[in-house]
Structure formats: C-alpha cells, structure tokens
4 protein chains.
Amino acid sequence: MAPVETAAPAESNAGAPPPPLLPDWSVEPWFNTPRPLGLADFRGRVVMLHSFQMLCPGCVAQALPQAQTVQDELAGDALAVVGLHTVFEHHDAMGPPALAAFIHEYRLTFPIGVDRPQKDSPLPETMSRYGLRGTPSLLLVDRHGRLRHHHFGRLADLHLGVLLSRLIAEDPNQNEPDQNGPRRIDPLSPQTAKSSDSVPGSAGCDTGVCPL
Amino acid sequence: MAPVETAAPAESNAGAPPPPLLPDWSVEPWFNTPRPLGLADFRGRVVMLHSFQMLCPGCVAQALPQAQTVQDELAGDALAVVGLHTVFEHHDAMGPPALAAFIHEYRLTFPIGVDRPQKDSPLPETMSRYGLRGTPSLLLVDRHGRLRHHHFGRLADLHLGVLLSRLIAEDPNQNEPDQNGPRRIDPLSPQTAKSSDSVPGSAGCDTGVCPL
Amino acid sequence: MAPVETAAPAESNAGAPPPPLLPDWSVEPWFNTPRPLGLADFRGRVVMLHSFQMLCPGCVAQALPQAQTVQDELAGDALAVVGLHTVFEHHDAMGPPALAAFIHEYRLTFPIGVDRPQKDSPLPETMSRYGLRGTPSLLLVDRHGRLRHHHFGRLADLHLGVLLSRLIAEDPNQNEPDQNGPRRIDPLSPQTAKSSDSVPGSAGCDTGVCPL
Amino acid sequence: MAPVETAAPAESNAGAPPPPLLPDWSVEPWFNTPRPLGLADFRGRVVMLHSFQMLCPGCVAQALPQAQTVQDELAGDALAVVGLHTVFEHHDAMGPPALAAFIHEYRLTFPIGVDRPQKDSPLPETMSRYGLRGTPSLLLVDRHGRLRHHHFGRLADLHLGVLLSRLIAEDPNQNEPDQNGPRRIDPLSPQTAKSSDSVPGSAGCDTGVCPL
C-alpha cells in the first residue's frame, strides 16, 4: 500500500477531490482498551492519532503530556485520542513489556497500540503505510475517516486546539443530509475551567490574577 | 447600562434567545492604531478582547504573551485581537504614559485602548459595563458582535484554540443565507509551522524529536 | 568617581591587589526598610545587590523572582538581598509611586532603593558610579564590602547558588585573625526542603518521584 | 552492612563525631567510562551521586537534566558527577540494553553504573546499603569520601549550587595540614557566562534584558 505522503489540505477547493481515507493501522498488542480497535470503530468521531516512541525525549517532554491533556479535557463523543507506538530504533529497549511499564509510570490512559514490526525493515508497518517521518507525529482524522492533518514534531497547544475544534465543528453528515447537526464538545465545562473558579473573591493578586 | 453578568452559552438550545450583543466599549486613548476603534469596526470578524492591567502579574506572565501569540499567529481577516487597559487600582502608576512605555518594552502590537475612568468609582466605564471581575479577563465576540465567552483568569492555550476556532468556523451569514460559506484561517501556514520545517533530515534526536 | 569597570576576580592570586571596596550607593527613597541603608550597614554579611527596572521584561520574568527566592530561602545573618531601581529609560513611567505599586503587586519583600537621578544624564547616579551595563545586573559584595562579581543579564540559579555559597563560606575575619570562624547558612533547613518532606511513603510515582 | 540512614549534618559541632565514610557502591556494568569506578577513585574531589531510574518521570523531567547541567558546567578537578541506575521496579523494562538506549537518546555524558540486583529483594545492592528511599535521590560526598547530604526528591538548582559550592570550598587537606589550599572551580568562566556575553551592545530589550 502506498504511503500517505502528505496531509490532505484542511479546506478543499470546490471541484478538488476530497481528502483520502486513512488506511487502517496494523497494531498488536493494545493497551488501555479491552479489545482491539480499528479506525472504523471511530467513524463519526474525530481521531487524534499520536505516534510516539517511549525513549523519544520530545515525545516524553511535550507530545505525550499534550495528548494526555486532550484525553482528559476534550475527548468524548466527538473526539478520541489514540496512541501508536511506532518503534523504529532501539527495538530491544522498547518492546511491549517496557511500554507497559512506561504507560503505567506516566499515567497514560488513552488506548495505545503497538505498531507491528516488519521483517525486512526497521520501520514498523503502519509507520511505513502512513509515511511518518519520525516521532512525535500527529495525524488528525475527520468524522468520515479522512486524513486532514499530518504534523511531524512539536505542535503548539493553541494550534492544536484550533485544528481539533475545526474538525469537530464540521457537520458529520454533510454526505448524508437527512440527519441532525454536529455534536460538539464544551471544553469549558465546570471541571476544566479551574482558573476562573479557583479565584477567591477577596482583593489582591496573590494567585497572579487581580480580582476586584 | 446593566452589566453583562454572565457569558452567553456557547451553544444555544433551539428556541432559546440568541446571545446578547456586546455593548460598545468606552476608550480613550488608543495605542497601536491610527484611529479610534469601535466594536462595529470588527463586524464580520471574531474579536478576542483582552482586559488587563500592566501591573497585574498574571497578565504579564501569561495572558499578554498569549494574546500576542494569537495576534502573531492567528489574527487576520477572520479574527482580531483587541486589548483593553482596565485600571481599577494603582491609578497613578498606570496612566497612559506608563502604558505607552509598557507596550513598547513588551513589544505588544495589537490595538490597545484605555478604558475610560469614572468619577465616582475606582472601576473604569467599560469594566463596569461588561461586569468584569478583575484582570486578566477574556471576552470572545462572534462575527455578529454577540458576546459568546467571558472568562476571568488564566485560560489554557488548548482551550483558547478550541474556542476561537469554533467561533471562526461559524457561518457569518447564518442570518443572511444567500451568501457563501465562512472564511477560515489556516494557523499552520508555512511561517507558523516551524517545528515541522526545522527538523533536519538526518537521524538522531538532537532537537528532542526523532526523525527517521 | 570612576566607574568600577570590571568585576574583581573571584580568586586573587598571591601578591595581586585585593578586590576594590564597592563605593556606596546613592539612593532615595527606600522601600521595605524603616530607615535608609548604606553598604556599611551590611559589613560582615554578603550582599546580593540586584539592579532592575520595573518595566524590564527580563527583570520581571526571571531576575526579580530569583532575588525574591534568595530572600525567602537563603537570606539571614550571612547574606542580605538589596534591590536597586536603576531607571535609565521611561523615567516618567517608573517613578517612586509606580514602583511602590509594583513592589506591592509582585510581593517583593527585600529592601529596595531608588537610584538617584542625575540632572545631566539619563543614567542615575549609582548606575554610573558602578558602571552598570543595563538591567538586570547583579553585584555580589563580600563580607568586607569588596565587589567580587558583576553580572549583566540572566544568571542561572545553579551558578548563583555556587557564587553565593563561596562568598558566604569565606572567613569574614581573615583580616582580623583573632576571632571565630565564619557563620554559615543552612539552605536545607526543614522549612525549605519541601520536596523531600512532601513525598508520601506509599509506592507509585504519582508526584513524579518514585518512592519505595 | 547497615544502611546509612540519615545524611550527616553539614556542619559538625565541635566534639561531635565526623560524618561517616560512605561505603562503596556495587555496580556492574558501567556506561560512559572506559573502566569500572570505585568511590576511592574520586578521593580529593566532591562527588555528586545521582540515583535514578530511566522510567521515573521526575528523574527524566528534572533530576537528570540537572545532573547533566552540573556535569557540563561545574564538573572538573574539584567535582565529579556519577549516576547510579537503581532499579527497584519494572526490572524487565530497565535492563542494561534499555539503559544504553536511554543514555544515548538523552545525551547523558557522565559515568553511570547499574546498581547490582539482589537475589532476594527487588531492591538492588547499593540502594539497600545506602538506605535510599526512592528515585531521584542525591548523595553528596566530600573530598574525604564522607557522606554529607542525602536528599530524596527534587532539589532546587539554587540549593544544589549552595551545597556543592560549600563542599568544594572546604579545605581538602584539613586532615593533612602540610599541603596547599583548596582547589576551586570557577563556574563563570567565559564559556559558561553565556547570558552576559550574548547581550548585544545596542539599546532595546529584545532579549528580555535592557542594555544601555
């Protein structure tokens, strides 16, 4: 299967072909899920697919905490976070038992699958299939299973929020016009809007903010 | 005029009244703009209105850098950033000349207006009118001039990105259905997608990420 | 008086002249002290003299929090922190009333003096006298009043700790040999060694550290 | 051998017994050194012994970068940094091959030894011998091989700098009075005093600091 070499444009021009469907991953085993998962299981939801290696410093310092924050604060009926352990170096040090310890120590709670090794390549199967350039990589898949963004390296929280929200806001039924409107998440539900709620009513700037 | 006490819900229920129009601010003087600005000047664009004080530690450490990042990376035809200097304490230390020096030293480039002092209150006019609870405060106004979010305190970049994108994605002409679809920003234009582009082709994880 | 152009070497070679005495500052008014202070008031203690401007971003973000941490955790009989507000630009925005508001909002508790303006120069008196190159600047004065280090710009906490400790460890009476040994601070007294004490006894790495 | 249960006090009272000699570690294999090392190899130098696990989040995020900074900026004739991989959990995931990959990816350059596993305990030998409470742990050993500080958890850079400098400043020959004075490091040699040197001569606060 040919690699998906570049991300589909976020906004199709009129007359342009639609973004391609992302082919399914090839994963075994899974963590944080009672049963194997395929892309088709997420149809109707936006999927944030996060490719990492447990010994990649940039993954550990930035991308994995970001993925866990999205899982904790945004994931739900409209959005799912999925991890993909794409080991392409130090294979002996990053097998499934090591990954299990890593997931435990770093308190990762989203489903994580191990990209299947290939016999004749250091790259695992899905990594080749998707044309990933390294770790961390981020793939955003829309409600119809189409690849919409492909990013290698760090991505600022502000931009990630913009991209996720844009995909979530799209009408999942634009191809099936006889249904209702999009479901949407509300990231500022009471349990997440902590800064606002924790500000005491008294004057002074002790917490950094200055209430009346 | 009665204060706008709470933010309008992000998603109106069917049959519920629409969110209120935000009344205009009362500002003098302005910085970073050749002429005075009113809310009506931004009709058709989402407005991120950032209320701050130059001696508020949380504004300086977090909210103002965040506003400047939005200005640098997201603002454009679809989104505008506007600062509002809402001085309600230490009035002598935060007059317009002091603010001018502050804007210069902190390299702020978005339009900033000074909320007009009131004779009989330590609170300036717009702060009272909008019912702000302190600084930093963030008000998000949609393309129709309606207040959609009102947040006091720090707001995570991820959530801000979600909120901005959601408002930007709304059809600005939903009340005038005979026009084209929404204009959208692309935050991942080449000049902003730095992390991806700066990764060298060689192997190794020297920059934190691990390229192939 | 000629400026003190370079910092004295930390370690004098045998036969080399001793580091120069730092001339006194010229300051008015003072904050956080009931009476004016001169360098002679600190003889016998190491002095960390921190030159800053309230509208200098690097001072606000890094150097002033560092100075306050030293004040909170290391200052005492052996070490004193003194701030020097050396305004050389935006004079109208950084007068004593503005500084008072700034000190209040940023919760600074060490003594801070305003470097005296000069009629014929934008630089204040002490800044000229000491040959400071800008803000933030750090001057370390030993127990005998001699300038031992002069640093312009940010200084890493690790290095600052080394420098302070080295000066504190010096025998204050090496010129008056008939007295007792040096007094020393203990930065790891119970109230400061928080990380160690706060670790729960149970297993797991929930706080980032991994107890048995 | 009985564990060294508590750190020796930094300052011995007159008449009190001297701090105990730290017993040697039991380590195999070593990384980043051409031959095995014992504590006796470091006599005359202060040793910063850093106990960690490669899957301990607090070690990876804070303690190991701190140890590498000390190695890069302070280590030399007066001070040595030594790592001790004290695996007490997830033994299968943190064997020597995995550690080798970790050391490579995180660019650690100081000598690191693997604490020898024990047959009848999950704790390795040296960890038991020293009475370590978990990871990260920091042991500071003076020039005579005596344990002077034992810290479990994170330690602020400022405090670490103070502690290291104090031990370095001690006369290594106080028991052998017929020799010369202490050797000392200079952490502000030209190659480390980067912030000061990188400040351009022109006006403006672009880098955060405000030069004249």
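Since this is a predicted model, take the numbers as computed values, not measurements.

### Things to note about the overall build of chain A
Phase 1 of the analysis: Each helix and strand counted, chain A has five helices and eight strands in total.
Phase 2 of the analysis: Going from the N terminus to the C terminus, chain A shows its helices and strands as β-β-α-β-α-β-α-β-β-β-α-α-β.
Phase 3 of the analysis: The burial tally for chain A puts 58% of its 212 residues in the buried class.
Phase 4 of the analysis: Summarising the internal contacts of chain A: among those between residues at least 6 apart in sequence, 70% fall at separations of at least 24.

### Describing helix α4 (residues 157-169) of chain D
Residues and elements named next belong to chain D.
Phase 1 of the analysis: Taking 1.5 Å of rise per residue, 13 residues should cover 18 Å, and α4 covers 18 Å from first to last C-alpha, within 8% of that figure.
Phase 2 of the analysis: Across the 13 residues that make up α4, a large majority, 12, are buried.
Phase 3 of the analysis: Taken together, the buried positions of α4 are occupied by L158, H159, L160, G161, V162, L163, L164, S165, R166, L167, I168 and A169.

### Details of the sheet that holds strand β2 (residues 46-52) of chain C
Residue and element names in this part refer to chain C.
Phase 1 of the analysis: The six strands are arranged β1-β4-β3-β2-β6-β7 in an open sheet whose pairing can be described as mixed. Whereas interior strands pair on both sides, the edge strands pair on one side only; in this sheet they are β1 (27-31) and β7 (147-152). Mean inter-strand twist for the sheet, computed between neighbouring axes without regard to direction, equals 20°.
Phase 2 of the analysis: The pairing of strand β3 (residues 79-85) with strand β4 (residues 112-115) spans three bridges and is parallel. Following the sheet pairing, H85 is matched in β4 by V114.
Phase 3 of the analysis: Contacting β2 and β3, helix α1 (residues 57-73) crosses the sheet at an angle of about 160° to β2.

### Digging into the environment of L163(D)
Phase 1 of the analysis: For L163(D), the location among the structural elements is in helix α4.
Phase 2 of the analysis: Placed 58 residues apart in sequence, L163(D) and E105(D) show a C-alpha to C-alpha distance of 29 Å.

### So, the side chain of S26(B)
Residues and elements named next belong to chain B.
Phase 1 of the analysis: Following the sequence through the fold, S26 ends up in the segment before β1 (27-31).
Phase 2 of the analysis: Accessibility expressed as a relative area gives 10% for S26, which makes it buried.
Phase 3 of the analysis: Leaving out residues up to four positions away in the same chain, S26 has contacts with V114, D115, R116, E125, T126 and R129.

### Brief notes about the sheet that holds strand β6 (residues 137-141) of chain A
All names here are of chain A.
Phase 1 of the analysis: A sheet is described by the order of its strands in space; here six strands give the open sequence β1-β4-β3-β2-β6-β7, paired in mixed fashion. In this open sheet, the two strands that pair with only one neighbour each are β1 (27-31) and β7 (147-152). Going from strand to strand, the sheet's axes swing by 20° on average, the running direction of each strand aside.
Phase 2 of the analysis: Sitting on the sheet, helix α1 (residues 57-73) touches β2 (46-52) and β3 (79-85), and the angle it makes with β2 is about 160°.

### Thoughts on the pairing of β7(C)
All names here are of chain C.
Phase 1 of the analysis: Buried residues dominate β7, accounting for six of its six residues.
Phase 2 of the analysis: Bridge analysis of strand β6 (residues 137-141) against β7 gives five bridges, and the strand direction is antiparallel. Across the sheet, S137 pairs through a bridge with F152, a residue of β7.
Phase 3 of the analysis: Hairpin connection, β6 to β7: the antiparallel pair is bridged by five residues, and G145 has positive phi, about 85°.

### Section: the packing of aromatic side chains
Phase 1 of the analysis: Tallied over the full model, the rule gives 16 aromatic pairs over all chains.
Phase 2 of the analysis: Following the ring pairs from residue to residue traces out a cluster consisting of W25(A), W30(A) and F42(A).

### Notes on helix α2 (residues 96-105) of chain D
Phase 1 of the analysis: If you check which residues of α2(D) are buried, you get A98(D), L99(D), A101(D), F102(D), I103(D) and E105(D).
Phase 2 of the analysis: One or two steps after α2(D), the chain reaches R107(D), where phi turns positive at roughly 55°.

### Looking at the environment of R143(C)
Residue and element names in this part refer to chain C.
Phase 1 of the analysis: By secondary structure assignment, the location of R143 is in the loop between β6 and β7.
Phase 2 of the analysis: Owing to a relative accessible area of 3%, R143 belongs among the buried residues under this scheme.
Phase 3 of the analysis: Taking C-alpha positions, R143 is 17 Å from V70, a pair spaced 73 residues apart along the chain.

### Section: the packing of helix α4 (residues 157-169) of chain C against α4(D)
Phase 1 of the analysis: At a closest axis distance of 7 Å, the pairing of α4(C) and α4(D) adopts a crossing angle of 40°. Classified by the angle their axes make, α4(C) and α4(D) are oblique. Crossing of α4(C) against α4(D): the hand is right-handed. Of the residues in α4(D), those touching α4(C) at D157(C), L158(C), L160(C), G161(C), V162(C), S165(C), R166(C) and A169(C) are D157(D), L158(D), L160(D), G161(D), V162(D), S165(D), R166(D) and A169(D).

### Observations regarding the pattern of salt bridges
Residues and elements named next belong to chain A.
Phase 1 of the analysis: For the structure shown, the criterion picks out 19 salt bridges over all chains.
Phase 2 of the analysis: Here R129 ties to E125 by a salt bridge, and the two come within 3.2 Å at their closest N and O atoms. Pair noted here: R129 and E125 are both in helix α3 (residues 125-130), with a separation of four residues, about one helical turn.
Phase 3 of the analysis: Take E125: its relative accessible area is 23%, and that puts it in the partly exposed class.
Phase 4 of the analysis: One salt bridge in this structure joins D142 and R146, with 2.9 Å as the shortest N-O distance. Each member of the pair, D142 together with R146, is buried.
Phase 5 of the analysis: The network of salt bridges with common partners includes D142, R146, R148 and E170.

### Section: the confidence of the model for chain A
Reading predicted coordinates in detail is not appropriate for stretches of low pLDDT.
Residues and elements named next belong to chain A.
Phase 1 of the analysis: In this model, chain A carries an average pLDDT of 82, and 75% of its residues clear a pLDDT of 70 or more.
Phase 2 of the analysis: Low pLDDT (under 50) marks residues 1-13, which in the prediction has 32 contacts with non-local residues, meaning those over four places away or in another chain.
Phase 3 of the analysis: Predicted confidence for residues 176-203 stays below pLDDT 50, and this span has 55 contacts to residues more than four positions away or in other chains.
Phase 4 of the analysis: For this predicted complex, the interface confidence reaches an ipTM of 0.78, while the overall pTM sits at 0.81.

### Notes on the environment of V141(D)
Residue and element names in this part refer to chain D.
Phase 1 of the analysis: Summarising the element assignment, V141 is placed in strand β6 (residues 137-141).
Phase 2 of the analysis: Here V141 falls in the buried class, since its relative accessible area comes to 1%.
Phase 3 of the analysis: Setting aside its immediate chain neighbours within four residues, V141 contacts L22, L39, R45, V46, V47 and R146.

### Some details on unusual backbone geometry
Excluding glycine, residues mostly have negative phi values, and the peptide bonds linking residues are mostly trans.
Phase 1 of the analysis: Residue P29(C) is reached from E28(C) by a cis peptide bond, and omega for that bond is 0°.
Phase 2 of the analysis: Turning to its location among the elements, P29(C) is positioned in strand β1.
Phase 3 of the analysis: With omega at -5°, the peptide bond leading from T135(D) into P136(D) counts as cis.
Phase 4 of the analysis: Looking at the element boundaries, P136(D) is found in the loop between β5 (134-135) and β6.
Phase 5 of the analysis: For N32(B), which is not glycine, the phi dihedral falls at a positive 65°.
Phase 6 of the analysis: With respect to the helices, strands and loops of the structure, N32(B) is situated in the loop between β1 and β2 (46-52).

Rules behind the numbers
- Residues numbered from 1 in each chain as written.
- Chains lettered and ligands numbered in written order.
- Predicted model: local features only at pLDDT ≥ 70, side-chain atom pairs only at ≥ 80, totals over all residues.
- Heavy atoms only, no water.
- Helix = DSSP H or I, 4+ residues; strand = E, 2+ residues; numbered from the N terminus.
- Buried < 20%, exposed > 50% of the residue type's maximum accessible area, 1.4 Å probe, protein only.
- Contact = heavy atoms within 4.5 Å.
- Expected span 1.5 Å × (residues − 1).
- Pairing = 2+ DSSP bridges.
- Axes fitted to C-alpha atoms, helices over the stretch in contact; angles between N-to-C directions.
- Phe/Tyr/Trp six-rings, centres within 6.5 Å; stacked < 30°, edge-to-face > 60°.
- Parallel < 35°, antiparallel > 145°, perpendicular 65-115°, else oblique.
- Left-handed = near helix turned anticlockwise from the far one by under 90°.
- Salt bridge = Lys/Arg side-chain N within 4 Å of Asp/Glu carboxyl O.
- pLDDT = per-residue confidence, 0-100.

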